[in-house]
Amino acid sequence: MTYTKRFDGRKFDQLRPIEAKVGVVKRANGSAMFKIGDTIAIAAVYGPRKLYPSFLQEQQQAKLRCLYDMVSFSVTDRKRPGPSRRSTEISMVTEQALLPILDLSKYPGSVVDVFIYILQADAGTRCAGICAASMALADAGIPMKDLVVAISAGKIGGKICLDLNKEEEDHPEGATDIPIAILPREGKISLLQLDGNIKREELIEAINLVKKGSQEVYDIQKQALKQKYGGKK
Amino acid sequence: MKDYIKSLIEKDLRSDERKLLEWRKPIKVEIGVSKKAEGSAKVTIGETEVIAGIKMNVGEPYTDSPDKGVLITGAELLPLSSPDFNPGPPDQQTIELARVVDRGIRESGMIDTTKLCIKKGELVWTVFLDIYTINDAGNLIDASALAAVAALKNCVFPKLEKDKVKFGEFTKNKLPTKQEPITCTVYKIDNKFLIDPTTEEEKIADARLSIAIDEKGNINAMQKGGLIALTVEEIDEMIKIALDKIKELRKVLK
Amino acid sequence: MSRVLIKDREIVVPGEELIVGMDYLPAGAAFREKDKIIANSIGLANVGNRLIRVIPLSGKYVPKAGDTIIGQIADIGLSGWRVDIGWSFEANISMKDGSTDFIERGSDLTQYYNYGDYVVAKILKVVGPKIIDLTMKGPGLRKLNDGKIIKVNSSKVPRIIGKAGSMIHLIKEKTGCNIMVGQNGKVWISGKEPGNVILTIKAIRKIEELSHIQGLTDKIKEFLEGEKK
């Protein structure tokens, strides 16, 4: 094990500091900001609303459409404006991460649009986006049976860690990056991606680390929602 | 309804109790809102929110200006910021916004592009300025122009090593800037002029005139929008209004 | 014996466990999952005798028969009008339901309601999400000619109207404005003095903000009296 102390001094199962706020885009039906370490994501929900063209409409329920992108200056090496292959893939997996908890049956033929933008990127951006989107959907009043929590786990120098930052992701000896989204009550996984080099037992360890860490995020998301709606702290 | 807003404006009133030539409150400028950018700023005018950020790189100059750096301004009216914006390539409104903001900065001489030259004819700095709307509650042009200027004012050079940029490492050298242009867009509804419209006021406006003005009171850029034609007297009046109203924005920028 | 996990009038969020046990029935934005009752929307929880109801604090209006709504004429066809009521699909007013007057075939329908006109209508029936039939025949149903239309969160409409209309009467009395609240979250306000219209809007926004507290009518009364000074 060549990674004995994390670059920023955190424990291996410790999350970076988190800030969450609901209702940050006034024109949207629902919106939220989620900040973890130096990664900042904002999400806005519009809908249910009319879906054009009509041949895309679904008969039994509303359609969910997610768009994830990064602002050009959110990263060290400028990202050219416009959808990239990476943002297209992330949009898709984000949609699949959020669908299991949504009840879209009341609005057949409509669309619920979720827009996620990364304003500052320091690893874990798709996870931050999903956390923000989850709060934004609740803020918009879309019926949902739970929130979604997403955190990345990873393997660096043989050690399994929770919530990698950019420095860790870029570790010279290589890091395995595992973004995971979890439905907190059921404990089921709705997003799972991996790139790196890992054994089966290590992967299960990583998933369990995320499960444990998700409670903290879940509490923060709930708090942020209650704060906007006047609930007690 | 359209008539309700017009009936108020006829009496010099607005639905948010402002005067016709009054900016919304608060007007906020925050610097350094995005840490990976060489420069960034967020501007809030009322509920309208816009962010601007700068990334810098080096490259070859244009052949017709071998000793000048390059400024490229882009904008995105994010679908996140309004139910009226759709994802996709930039439309006319988006491109107009980027070009109008760019014109004000370029023509005011805010950035002396000769100072961005590293090796004449071979290597110059390129400044990528990108503007993103976060919440559209009206008057995106003025908010975007202000955010762009604030971001440029607080922009630092990244580290340069052997003619290549070391991304992620910043120097303490600020981008040299002079003349700061401020834009004020004056709107005409029936026979009244107003500034800083809300979304519903924008939708019923007959015409608008965006005017970028530098610290000496010189007009650096103008753009007329809207379907109704203006008389010369009206244009003169609108310029007078802009000259006066930019003072408040300039104070916030300092 | 069921275990109640939250207090009455507590704000709950989606996924929040409200009750463990089989003795209660879920109502509103709550559902039963095995032995637990869970909230499925951000809302206000009301714990009753054997009922736990979650009143959603956010969410789009879903049209239902019997509701009085305010809509905008979006399209005019040969035999009726299409109305935007804030739903994903437009609602219909057929010629026969357009007016208490008899409308002859081939008449110019714009004489009754034109593009962009706002109307107060009642939902006759809802057949699936795409077919919503409205009528203009009934007391109070009419075209709105002047005034201002604002959008409110449709979940807050009951609070804006108040018990037996108590809240809306209070506002009308204190501001002297004519007010019409559509179940779909559109509110029409008309007043001689623009100041009164603005005051009405302020009061309504305050109700939206404080909709979860008790004694709201008194608070709004205090607010309106304070502003009038």
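Small disclaimer: the values here were computed from a predicted structure and weren't measured. (Residues numbered from 1 in each chain as written. Chains lettered and ligands numbered in written order. Predicted model: local features only at pLDDT ≥ 70, side-chain atom pairs only at ≥ 80, totals over all residues.)

1. Remarks on the nonpolar core
And then number 1: Judged by nonpolar contacts, the single largest core of 162 residues is most densely connected at Ala132 of chain A together with Ala147 of chain B.
And then number 2: Residue contributions to this core peak at 11 residues, all from helix α3 (residues 140–153) of chain B. (Core = buried A, V, L, I, M, F, W, Y, C linked by C-beta atoms within 7 Å. Buried ≥ 20, exposed ≤ 12 C-beta atoms within 10 Å, placed from the backbone. Helix = DSSP H or I, 4+ residues; strand = E, 2+ residues; numbered from the N terminus.)

2. Overview of the interface of chain B and chain A
And then number 1: Residue-level contacts link 29 residues of chain B with 23 residues of chain A.
And then number 2: Listed by contribution, the elements that provide at least two residues to the side of chain B that touches chain A are β3 (48–59), β4 (70–76), β6 (123–135) and β8 (164–174) of chain B.
And then number 3: Class assignment for the residues of the side of chain B that touches chain A results in 13 nonpolar, 9 polar and 7 charged. (Contact = placed C-beta atoms within 7 Å. Nonpolar A, V, L, I, M, F, W, Y, C, P; charged D, E, K, R; others polar.)

3. Details of the domain arrangement of chain C
It is common to report an interface's size as the accessible area lost on association of the parts.
Residues and elements named next belong to chain C.
And then number 1: Along its sequence, chain C is carved into domain 1 (3–56), domain 2 (68–144) and domain 3 (148–228).
And then number 2: Here the C-alpha centre of domain 3 lies 26 Å away from the C-alpha centre of domain 2.
And then number 3: Taken residue by residue, the interface counts 8 residues in domain 2 and 8 residues in domain 3.
And then number 4: Elements supplying a minimum of two residues to the side of domain 2 that touches domain 3: β9 (68–76) and β12 (118–127).
And then number 5: Among the elements that make up the side of domain 2 that touches domain 3, the one with the highest residue count is β9 (3 residues).
And then number 6: For the side of domain 2 that touches domain 3, the class distribution of residues is 6 nonpolar, 2 polar and no charged. (Domains from an automatic or database assignment.)

4. Describing the sheet that holds strand β11 (residues 207–213) of chain B
Residues and elements named next belong to chain B.
And then number 1: Taken in spatial order, the 4 strands of this open sheet run β10-β9-β11-β12, and their pairing is antiparallel. What marks the edges here is a single partner per strand, and that holds for β10 (192–195) and β12 (219–226). Averaged over all neighbouring strand pairs, the angle between strand axes comes to 20 degrees, with direction disregarded.
And then number 2: Alignment of strand β9 (residues 182–189) against β11, held across 7 bridges, turns out to be antiparallel. Following the sheet pairing, Val186 is matched in β11 by Leu209.
And then number 3: On the sheet, α3 packs against β9 and β11 and is oriented at approximately 175 degrees with respect to β9.
And then number 4: Sheet contacts for helix α5 (residues 232–253): β9, β10, β11 and β12; angle to β9, the most-contacted strand, approximately 135 degrees. (Pairing = 2+ DSSP bridges. Axes fitted to C-alpha atoms, helices over the stretch in contact; angles between N-to-C directions.)

5. Remarks on the packing of helix α2 (residues 125–139) of chain A against helix α4 (residues 200–228) of chain A
All names here are of chain A.
And then number 1: At a minimum axis distance of 10 Å, the contact between α2 and α4 shows a crossing angle of 35 degrees. Two packed elements cross with a definite hand, and for α2 against α4 that hand is right-handed. On the side of α2, the interface is formed by Cys131, Ser134, Met135, Ala138 and Asp139, while α4 contributes Val217, Gln221, Ala224, Leu225 and Lys228.
And then number 2: Classifying every residue of the contact of α2 with α4 gives 6 nonpolar, 2 polar and 2 charged. (Left-handed = near helix turned anticlockwise from the far one by under 90°.)

6. Overview of the packing of helix α1 (residues 85–98) of chain A against α2 of chain A
For any two helices packed against each other, one specifies the crossing angle of their axes together with the interaxial distance.
Residues and elements named next belong to chain A.
And then number 1: The N-to-C vectors of α1 and α2 enclose an angle of 45 degrees; their axes lie 10 Å apart at closest approach. Taken as axis vectors, α1 and α2 run oblique relative to one another. Note on packing geometry: the crossing formed by α1 with α2 is right-handed. Contacts between α1 and α2 pair Ile90, Thr94, Ala97 and Leu98 from the former with Arg126, Gly129, Ile130, Ala133, Ser134 and Leu137 from the latter.
And then number 2: Broken down by class, the residue content of the contact of α1 with α2 amounts to 6 nonpolar, 3 polar and 1 charged. (Parallel < 35°, antiparallel > 145°, perpendicular 65-115°, else oblique.)

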